[in-house]
Every structure is written in C-alpha cells, then in structure tokens.
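# Topology and contacts: notes
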Amino acid sequence: MIIFTSLSQWQNFRKTLSDGPVGFVPTMGALHHGHLSLVKASREDNAFTVVSVFVNPKQFDDGGDFEAYPSDHKADLERLESAGVDAVLMPDTAQIYTDDYRFKVTESEFSQRLCGAHRQGHFDGVLTVVMRLLNLVRPNNAYFGEKDYQQLQLIRDMVAAFFMQVNIVACATVREADGLAMSSRNQHLDEKDRAKAAYLHAALKQSRTADEARQALTGQGFDVDYVEDIKNRRLVAARLGTTRLIDNVEI
Ligand code: AMP
C-alpha cells in the first residue's frame, strides 16, 4: 500500500496507472466496517483501489464539531492495509483548498432540505470536496454509503449535471448487531446513549408514519432534527447529547 500525503506526488503516480479500472472510496477516517464494506466492493470491481482519508473542514458548520471529529491515522492505515487497499491519500487542507475555497459547488434545491436545513453550507462543502477528489483520483468507479442517503443522491446528481466520467456505486448501510448504523461519531456516545442509539433504527422501521417516529424518538430523549418520508425512503437526524446521528430505511 502506497501512502500519499503529497497530492502532486499522487498526480504523477496516477499518470502511470493504465491497467484496468480504478476504484475510489472517499472517507473522513476513524474507519469502521461500514467504510471497509466500500473498500471490499471496490476491490471486487477494480484493478486498483484508492482510499482518501481527509476530514473536510468545509462541511462542518460548527468549528467545535470539526475539532472533535475522531481521528486515528495509525489504526486507519492498519485497517486499509489489511483490507488490501493499493493507495491511500492523506492530504492536508492547504493542498485540497489551494484557492482558499473561492470556488465551490452549490446545489440549490435538495441540498437545502433535511441535513442541509440544519447544517448551513454542509452540502456545499461535501460536493466541493468530492468534486476535487474525483478530479484528483479520476476513478472509473467511486463508492458511497447509503447511510448518508441525501449525500449519495446529491453526488449522483452532481456527477450527472457536470457530465463527470465516473460511475457512482451505492453500498448498503452496515449496522451493529442492535441495528445502529455504524458511524465514526458513535464513539462519542457514552454507555447509556450508546444503548439508546439503537432505537433510532427501530423507530424508523416500526413507526407507521414519520410523525409517529418523531414522537417516539422525542419520547426516548432524542433531540430530533427531522424525520421525513421522501419517495420510498424514511430519513432521520437526531441528537443524543452532543452526538448527531443520521439514518434512513426503505419504506
Ligand atoms: P465518512 O467517513 O463518514 O465521510 O464516510 C465515508 C463513506 O463511507 C461515505 O460514503 C459514507 O456513506 C460511508 N459510510 C459511513 N458509514 C457507513 C455505514 N455504516 N455503512 C455503509 N457505508 C458507510
């Protein structure tokens, strides 16, 4: 596994890659089995798999949340190596935002709803970094989790809108045994909230309506940002203490 902290070194190396498709898994690190399922899918489909580990400051509306985001490069690299990853990109912020974020990708409709309505500028940050990373890696296939369902839809739409030459592959949400969607943020939950967190998924599945799910979650002590049914999906964001959890299920 080759580790690139320099993007220019990566770009020179990328020119030498010619045999077979390249798969790409963008992440913010603190890797868990959800991330590794994307890596596995990429390894199955591609000759070469690239993973990026970059905590993107532009998608955090709250500086404290960015500062508190978990990070463990050593453990991440061990996991990626044993998962059979070929290259890891670990750039710093200055290399990604050489323009100081003068240029950004903005979507004006769906990105304003759900998580976008509660996190100012979040999806501008997400779409901008994904656009930059896709241009840097030039993968044939890029892998995203259904856990971040709104993000996945927006990335699909961006790729179509800008005629980008990459196939976006959606991967199913990987869950803990009690149903909680795996997330780097779960490690912030104390024991009591961790036990309660499983109820998020249960409430989504068991309630007849979004409103019923919202009431059930509020009753359990969640601070609910939204529960909404959109087409055949029920999506939720809710806080336990300072930890914000999201999930979605097919309905
Ligand atoms: P993150 O590091 O949280 O930005 O996530 C990087 C990628 O992994 C995104 O495409 C996420 O949707 C995906 N991902 C995160 N958690 C899970 C999970 N539990 N199951 C499947 N994919 C996930």
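Refer to the structure printed above.
The text that follows walks through the structure, step by step, so that each part is easy to find.

We now examine the nonpolar core. Ranked by size, the top nonpolar core spans 43 residues in total, and within it W10, V50, I96, V130, L134 and I168 carry the most contacts. For this core, the element with the highest residue contribution is helix α7 (residues 122-137), accounting for 10 residues. Leave out the neighbours within four places in its chain, and W10 touches F4, L17, V50, A87, L89, L136 and V137.

Among the secondary structure elements, N46 is positioned in the loop between α2 (33-45) and β3 (48-53). For N46, the side chain forms a polar contact with the main-chain oxygen of S42, separated by 2.8 Å. Side-chain polar atoms of N46 contact the side chain of Y143, separated by 2.9 Å. If sequence neighbours within four positions are ignored, N46 has contacts with P21, V22, G23, N141 and Y143.

On to the packing of aromatic side chains, then. Applying the stated criterion across every chain yields a total of seven aromatic pairs. Arranged with centres 5.9 Å apart and planes meeting at 40°, the rings of F13 and F48 form a pair that is tilted. Remark: F48 occurs in strand β3 and F13 occurs in helix α1 (residues 7-16); sequence separation between them is 35 residues. For F48, a relative accessible area of 12% gives the class buried. An aromatic cluster of at least three residues, connected via ring pairs, comprises F4, W10, F13 and F48. The side chain of K58 reaches across the aromatic face of Y97, ending 5.5 Å from its centre.

Turning our eyes to something else, we now look at the site of the ligand. Near the ligand you find 17 residues, and of these M28, H35, D148, V174 and M182 are the closest. A distance of 2.9 Å is found between an oxygen atom of the ligand and a backbone nitrogen or oxygen belonging to G145. Contacts to the ligand include V174, whose backbone N or O atom sits 2.8 Å from a nitrogen atom. Compared with its free state, where it exposes 480 Å², the ligand has 94% of that area covered by protein. Going through the elements one at a time, β2 (22-27), α2 and β5 (141-145) are the ones with two or more residues in the shell around the ligand. If you tally residues by element for the shell around the ligand, the top one is α2, at three residues. The class makeup of the residues in the shell around the ligand is eight nonpolar, seven polar and two charged.

The sheet built from six strands is open, its strands ordered β1-β4-β3-β2-β5-β6 with parallel pairing. Two strands bound the open sheet, and with one partner strand each, they are β1 (2-4) and β6 (167-171). Taken pair by pair, the neighbouring strands of this sheet meet at an average axis angle of 25°, ignoring direction. Sheet topology places β2 next to β3; six bridges connect them, and they run parallel. Paired with V22 across the two strands is F48, which belongs to β3.

What we call a disulfide is simply a covalent bond connecting the sulfur atoms of a pair of cysteines. With the rule as written, the count across this model stands at zero disulfides. The cysteine C115 is free of any disulfide, with C171 supplying the nearest cysteine sulfur at 19 Å. Overall, C115 belongs to the buried group, its relative accessible area being 6%. A relative accessible area of 8% places C171 in the buried class.

Moving on to the sheet that holds strand β7 (residues 223-230). Across the sheet, three strands lie side by side as β7-β8-β9; this open sheet has antiparallel pairing. Two strands lie at the open edges of the sheet, namely β7 and β9 (243-250), each paired on one side alone. The sheet shows a mean angle of 10° between the axes of neighbouring strands, direction not considered. Two strands pair when backbone bridges link them, and strand β8 (residues 233-240) and β9 are joined in this way by eight bridges, in the antiparallel orientation. The partner of R233 across the bridge, within β9, is E250. Seen against the sheet, helix α11 (residues 210-219) touches β7 and β8 and runs at an angle of roughly 160° to β7.

Definitions and limits used
- Residues numbered from 1 in each chain as written.
- Predicted model: local features only at pLDDT ≥ 70, side-chain atom pairs only at ≥ 80, totals over all residues.
- Heavy atoms only, no water.
- Core = buried A, V, L, I, M, F, W, Y, C linked by side-chain atoms within 4.5 Å.
- Buried < 20%, exposed > 50% of the residue type's maximum accessible area, 1.4 Å probe, protein only.
- Helix = DSSP H or I, 4+ residues; strand = E, 2+ residues; numbered from the N terminus.
- Contact = heavy atoms within 4.5 Å.
- Polar contact = N/O pair within 3.5 Å; in protein donor to acceptor, adjacent residues only side chain to side chain.
- Phe/Tyr/Trp six-rings, centres within 6.5 Å; stacked < 30°, edge-to-face > 60°.
- Lys NZ or Arg CZ within 6 Å of the ring centre and 35° of its normal.
- Near = heavy atom within 4 Å.
- Areas by Shrake-Rupley, 256 points an atom, 1.4 Å probe, with all protein chains shown as cover.
- Nonpolar A, V, L, I, M, F, W, Y, C, P; charged D, E, K, R; others polar.
- Pairing = 2+ DSSP bridges.
- Axes fitted to C-alpha atoms, helices over the stretch in contact; angles between N-to-C directions.
- Disulfide = S-S within 2.5 Å.

No statement about biological role is implied by the geometric values presented.
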